Each structure stands twice: as structure tokens, then as C-alpha cells.
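Commentary on secondary and tertiary structure
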Amino acid sequence: MTKKFYITTPIYYVNDVPHIGHAYTTIACDALARYKRMMGCNVFFLTGADEHGQKVENAAKANGEAPIELADRVVKRYQQLWEKLNISNNDFIRTSQDRHKQVVQDIFKKVLDAGDIYLGEYEDWYCTPCETFWTEKQLADGKCPDCNRDPHKLKEESYFFRMSKYQDRLSQYIQDNPDFIAPASRRNEILSFIKEGLRDLSISRTTFSWGVPVPGNDKHVVYVWFDALLNYLSGIGYRADDRMFNKYWPADVHVIGKDILRFHAVYWTTFLFAAGIEPPKRVFAHGWWTVEGKKMSKSLRNAVDPNMLVQTYGVDQIRYFLLREVPFGLDGDFSKHALIHRINSDLANDLGNLFSRVCSMVVKYFDRVIPKVSEITQSEKALIAKKEEVYLQLEIHMDALAMNKALISIFEFISAINKYIDDMAPWSLAKEPKKAGRLGTVLYAALDCIRVIALFIYPFIPESAVKILEHLNSNYDMSDINLKYSSNFGGIESGTKIDKPEVLFPRIEQKRE
Ligand code: MSP
């Protein structure tokens, strides 16, 4: 039976301007989704936009628009960016859609009927930018402990979710399922948060109206996080399409940033407990990017626009850098210098040159015709063994969401091919006509390994991978390719013609500033 793989990004606040932090989560999910598809899984990859709440209502008011008009206008910033970044999501969920609002009301009612939601009064602090409730004690010198901005005091009637009831069950669940929160270093952080005591959670607001009305009491709208988290269910047809929902749920992984782990590991899991729905298999929290050593912030105006990066450096260059530079789970720093260094050394030098020099030798020594293999020697066998090893490493690393390690393994294979060429020295073989057979074998083996590299690296840099494959006359249907079979040695067709390729990854001059 085909395995399924359901992967999600967080849904992004619709009115925010997308920056590399958002692009990072989405690109990482895309690489995983593409890889799993190549491994024969039936993948559902969901992303979307978080559209409700006071922030959007206020922004719309200030613009003289209805909130939905604002949302319809700005949601395109994300949708267009995902297209530009070659994101292969299967759907894009918006919390303002009926299919989602229906699910929020259904689940709210289900939990209310089960007695885990009750009406009370909330009197404490609220940070609107983070959409988070805080107690006096939790504030850091009167500021929001997450974003350091000023919270405001709230006093209003509110529905509460009995989160306290699930405290023991949740910590037991986390201990019984060691893979549930990843990386492992984040588990303890969550366990100690739970140990401090889970309080019941306010899950409705009355002071604004842009949200999902509480069923039976539309003075209240549902708290944005309760609303937003449910996208993971509504996006795969909860209630609307049981077959689809049962096929994909539980999610295999929710990929998120470390700042929203608590919402996913604690709130989301307890909501699901209360609704009688299985929790996701895993929540993976990645680290945060700073820019040139500084935190990205509106006041510093230093948020890096992914559109600008793509235009300047190219889409695959950005995808590669973000996934290669930092181990997934740790924080990283985005600097132009590091980006250019990666592009020049890994993409231009190692991969680009390998591709160009092997193709050029076929053009030069075989008049563009891909040669035949005459006899496989120990050297080719060693190369094939390296390829097998990298295939297995990819499986391990991708299952652990260690995309940087997967890329390191692929580049080890690239180095091995480069070394093979240097050792075999085709330019010397070409000088001796009786070694034409050997020369053919060497160039064939190198070309075929480059084909496999393109397949291995496709999840990370799909556009360039397809360019390589097309150049080698290896035209696959990438939506229906099986990595295991396609990466067997011998896929390149001898006798077909290739040209000298254009430069895949132009070198970038590092300007002194
Ligand atoms: N709307 C909520 C998520 C609801 S999911 C049910 C939200 N949206 S967000 O737009 O603010 O953030 C979305 C993601 O972007 C988060 O995973 C967050 O960690 C990530 N990033 C935002 N800034 C980031 C960096 N500077 N670096 C890396 N990722 C960061 O939270």
C-alpha cells in the first residue's frame, strides 16, 4: 500500500509582509514534500494564511476597507511568493473560507458539548502582535516575554477551554512519544512549561468581530489560535470529506518556528485530546534567522524580502542557501557574504563545473554523442557504491528533517565524481586512440552520476535539477518518478546528442562594502 505523508507549514499572518523567515519554513516543507513524493509516498502538503483577529481588523479600518477586502488583497503576497519559490503545496487554506469556519464551529461545539469549554471572565494581559494571553507574573518587566512589546489589560467575558484538565495526560503523552516534539532539545522546554501548571485558556473575544462567531453566541469570536490551528484539519476535509481526512490525518509533521512551539505542542494537542482526535505524529520546531547578526524587526527595517533575493541571486540559489547553511532546528544568520560564498563554492564550483566539464568533454571527444560503456572497472563500481550509500543517507537525514545533512551527503557524492574524473584523467585517455573505449566508459559513468545527482538534489533545487536532466536527455515526469528505480546506474541513453551547457550557476562577484 502506498504510504501517505501529510506535511504542513504554519499559516502565515495574512497582513505581514513575507520575509525569509516565512520563506524558510515553506521551502523546507517543499523539499520534504518533493522528496517524499519521489519516495513513492502519497503526499499532501498544506500551507495557507491566518486571516482573522484584531490586527487585521484594525489594519482594514485604518485603510477604509472591509477585513475580507484587505485579506483578499494581501494574501496574494504569499501566494505569488510561493509560486516564485517553486513551492509545490497541494492546497492553500485561508481561515476566512467557509470550509474552514465550518470546522472551527463544529469543533468548538463538540468541545463545548463535552463540557471542556465554559463561559467565564478573562481579566489579565494580552499581547496583540503575538495574539497571546499573559498573566502579570509571566510578563517581563511589564512587557510581552515573547516580543518585548507592550501588552494591554483585558477584562471581558470569555469562553475558556479546560486546558488544566489535560496537564498530566499531555506530559505523559510527550514522554511516551519521544519523537513527538523535535528536535529533542525542545522537549524539555515544553515539559517544564507544562510542569509549571496549565491554566484554562481564554478562547473567545468580544471586543472585535473579525473572526469565527462562537456557535450560539455571536457576541463572541473564537480566539485566533484556536481558529488557526484547526486549519490542519479543515485543509484536508475534516467533516466535508471523511475519506480524504481519514487518509491523511494524523499529520506526519507540522513544521513550525520555535516561537510557536508552545501553541502547537501544548494548545493544539490538548484541543485535539478534548475533541477526541489523534494528535499529529510530530511537531518540528526550526530555529530563527537573524540578518547580518541582528534580529529582523520592523523598526530596524532589516527584514529580507525573498522576492528581491530571488531576483538578484536566483530561486535555487536561495533555496539551497537556506537549507544548506544551518542545521534544521538551530538558529542561523543570513548574510550576503555567506550567501555568495555558498553559491560560488558549492553551486558554481562543485556542481556547476562538474556538469559543464563533463558535457564539454563529450562534445569535444565524441562529437556530442553520449558514448557507450565498454567495461566497468573497480573505479566505476566504487562510484556506484558511493551513490548507494548516499541514497541511504538521504533517507535517514530526510526522515530526521536534517536537510543540511542530506545536502552534505549529496555534495560528498559530487566531490567523489569530481575526484573520479581527476583520477581517470579523460584528457589523457583522449590522447591514445586505443583507449577510446575506456574514455567512453569514464564519460558515460560521470554523466550518469550527474543524472543521479540531479535526481537527488531535485527536492532542494528543482528548477536547476530539471535543467540538468533535460540537458542530458533524461526527461522524466517529475510528478511521477520513483527515486529508487530511477537512480539505478545506466539511465542515460548512449547515442543521444548533448551540447555544451550554459552556465547553471553564474559566479557572483563579492563586492567590498
Ligand atoms: N499565524 C501564526 C501561525 C499559525 S499556525 C496554526 C504565525 N504566523 S507568522 O506569520 O508570524 O509566522 C509563521 C512562521 O514564520 C513561524 O513558524 C515563525 O517561526 C516563522 N518565522 C517568523 N520569523 C522568523 C525568523 N526570523 N526566522 C525563521 N522563522 C521565522 O505565527
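Residues numbered from 1 in each chain as written. Predicted model: local features only at pLDDT ≥ 70, side-chain atom pairs only at ≥ 80, totals over all residues. Heavy atoms only, no water.

Applying the stated criterion across every chain, the model contains 32 salt bridges. Linking Arg99 and Asp91 is a salt bridge whose minimum nitrogen-to-oxygen distance equals 2.9 Å. Of the residues examined, Arg99 reaches a relative accessible area of 32% and is grouped as partly exposed. What makes Asp91 partly exposed here is its relative accessible area of 24%. One continuous salt-bridge network, built from bridges that share partners, spans Lys4, Asp252 and Lys281. (Salt bridge = Lys/Arg side-chain N within 4 Å of Asp/Glu carboxyl O. Buried < 20%, exposed > 50% of the residue type's maximum accessible area, 1.4 Å probe, protein only.)

In the vicinity of the ligand lie 23 residues, with Ile11, Asp50, Gly257, Asp259 and Trp289 positioned nearest. Here His22 contributes a side-chain N or O atom positioned 3.5 Å from an oxygen atom of the ligand. Here a nitrogen atom of the ligand and a side-chain polar atom of Asp50 are 2.7 Å apart. Here the ligand, which alone exposes 670 Å², has 95% of that area covered by the protein. Contributions of two or more residues to the shell around the ligand are made by strand 1 (4-13), helix 1 (20-38), helix 7 (224-229), helix 8 (231-234) and strand 12 (253-257). Examining the composition of the shell around the ligand, we find that 4 residues originate from one element, strand 1, more than from any other. Its residues placed into classes, the shell around the ligand shows 13 nonpolar, 8 polar and 2 charged. (Near = heavy atom within 4 Å. Polar contact = N/O pair within 3.5 Å; in protein donor to acceptor, adjacent residues only side chain to side chain. Areas by Shrake-Rupley, 256 points an atom, 1.4 Å probe, with all protein chains shown as cover. Helix = DSSP H or I, 4+ residues; strand = E, 2+ residues; numbered from the N terminus. Nonpolar A, V, L, I, M, F, W, Y, C, P; charged D, E, K, R; others polar.)

Next up on the list: the sheet that holds strand 9 (residues 204-205). The 3 strands are arranged 9-11-10 in an open sheet whose pairing can be described as antiparallel. Taken across any chain shown, the strands that pair with only one partner, and hence form the sheet edges, are strand 9 and strand 10 (213-214). Direction of pairing for strand 9 relative to strand 11 (residues 217-222): antiparallel, over a ladder of 2 bridges. Bridged to Ser204 within strand 11 is Val222. (Pairing = 2+ DSSP bridges.)

Summed over all chains, the structure comprises 36 aromatic pairs. Between Phe226 and Phe271, the aromatic rings sit 4.6 Å apart at their centres with planes inclined by 55 degrees, giving tilted as the arrangement. Of the two residues, Phe226 is situated in helix 7 and Phe271 in helix 10 (residues 261-275); the sequence distance between them amounts to 45 residues. Taken individually, Phe226 and Phe271 each receive the classification buried, so the pair is uniform in this respect. Each ring, one from Trp289 and one from Phe334, has its centre 6.4 Å from the other, and the planes form 70 degrees; the classification is edge-to-face. Of the two residues, Trp289 sits in strand 14 (residues 289-291) while Phe334 sits in strand 16 (residues 332-334), which places them 45 residues apart along the sequence. Within the aromatic cluster, the residues linked to one another by ring pairs are Phe108, Tyr159, Phe161, Tyr166, Tyr173, Phe180, Trp225, Phe226, Phe263, Tyr267, Phe271 and Phe273. The side chain of Lys36 reaches across the aromatic face of Phe5, ending 5.1 Å from its centre. (Phe/Tyr/Trp six-rings, centres within 6.5 Å; stacked < 30°, edge-to-face > 60°. Lys NZ or Arg CZ within 6 Å of the ring centre and 35° of its normal.)

We now examine the side chain of Gln54. Note that Gln54 resides in helix 2 (residues 54-63). Gln54 gets classed as buried once you look at its relative accessible area, which sits at 15%.

On to the packing of helix 12 (residues 315-325) against helix 18 (residues 462-471), then. Axes are the key here: two packed helices are described by the angle between their axes and the distance separating the axes. Between helix 12 and helix 18, whose axes approach to 8 Å, the crossing angle comes to 120 degrees. Judged on the interaxial angle alone, helix 18 and helix 12 are oblique. Of the residues in helix 18, those in contact with Val315, Asp316 and Arg319 of helix 12 are Pro462, Glu463 and Ser464. (Axes fitted to C-alpha atoms, helices over the stretch in contact; angles between N-to-C directions. Parallel < 35°, antiparallel > 145°, perpendicular 65-115°, else oblique. Contact = heavy atoms within 4.5 Å.)

We now examine the sheet that holds strand 4 (residues 117-127). Sheet architecture is open: 4 strands sit in the order 5-4-6-8, paired in antiparallel fashion. Each edge of the open sheet is held by one strand with a lone partner, namely strand 5 (132-134) and strand 8 (201-202). Here strand 6 (residues 152-161) pairs with strand 8 via 2 bridges, running antiparallel. Looking across to strand 8, one finds that Phe160 is bridged to Ser202.

On to the pairing of strand 13 (residues 283-286). The side chains of a regular strand alternate, first on one face of the sheet and then on the other. Burial along strand 13 is two-sided: Val283 and Ala285 and Phe284 and His286, pointing in opposite directions, are all buried. Pairing of strand 7 (residues 181-182) with strand 13, which is carried by 2 bridges, proceeds in the parallel orientation. Residue pairing in the sheet places Ile181 in a bridge with Val283 of strand 13. With 4 bridges connecting them, strand 12 and strand 13 associate as parallel partners.

Three or more residues of helix 6 (residues 185-195) are buried, namely Arg186, Arg187, Ile190, Leu191 and Ile194. Down the axis of helix 6, the smallest arc covering the buried residues is 140 degrees, so these residues share one side. Among the exposed residues of helix 6, those oriented more than 90 degrees off its buried face are Ser185, Asn188 and Lys195. Against the buried residues of helix 6 lie helix 5 (167-176), strand 7, helix 10 and strand 13. Where helix 6 ends, the next residue or the one after it, Gly197, has phi of about 110 degrees, a positive value. (Arc of directions from axis to C-beta.)

It is worth spelling out the environment of Tyr6 at this point. Considering the arrangement of structural elements, one finds Tyr6 in strand 1. Between the C-alpha atom of Tyr6 and that of Pro250, which follows or precedes it by 244 residues, the distance is 7.7 Å. Leave out the neighbours within four places in its chain, and Tyr6 touches Phe44, Leu46, Tyr232, Ile236, Tyr248, Trp249, Ala251, Asp252 and Val253. One polar contact links the side chain of Tyr6 to the main-chain carbonyl oxygen of Tyr232, over a distance of 2.7 Å.

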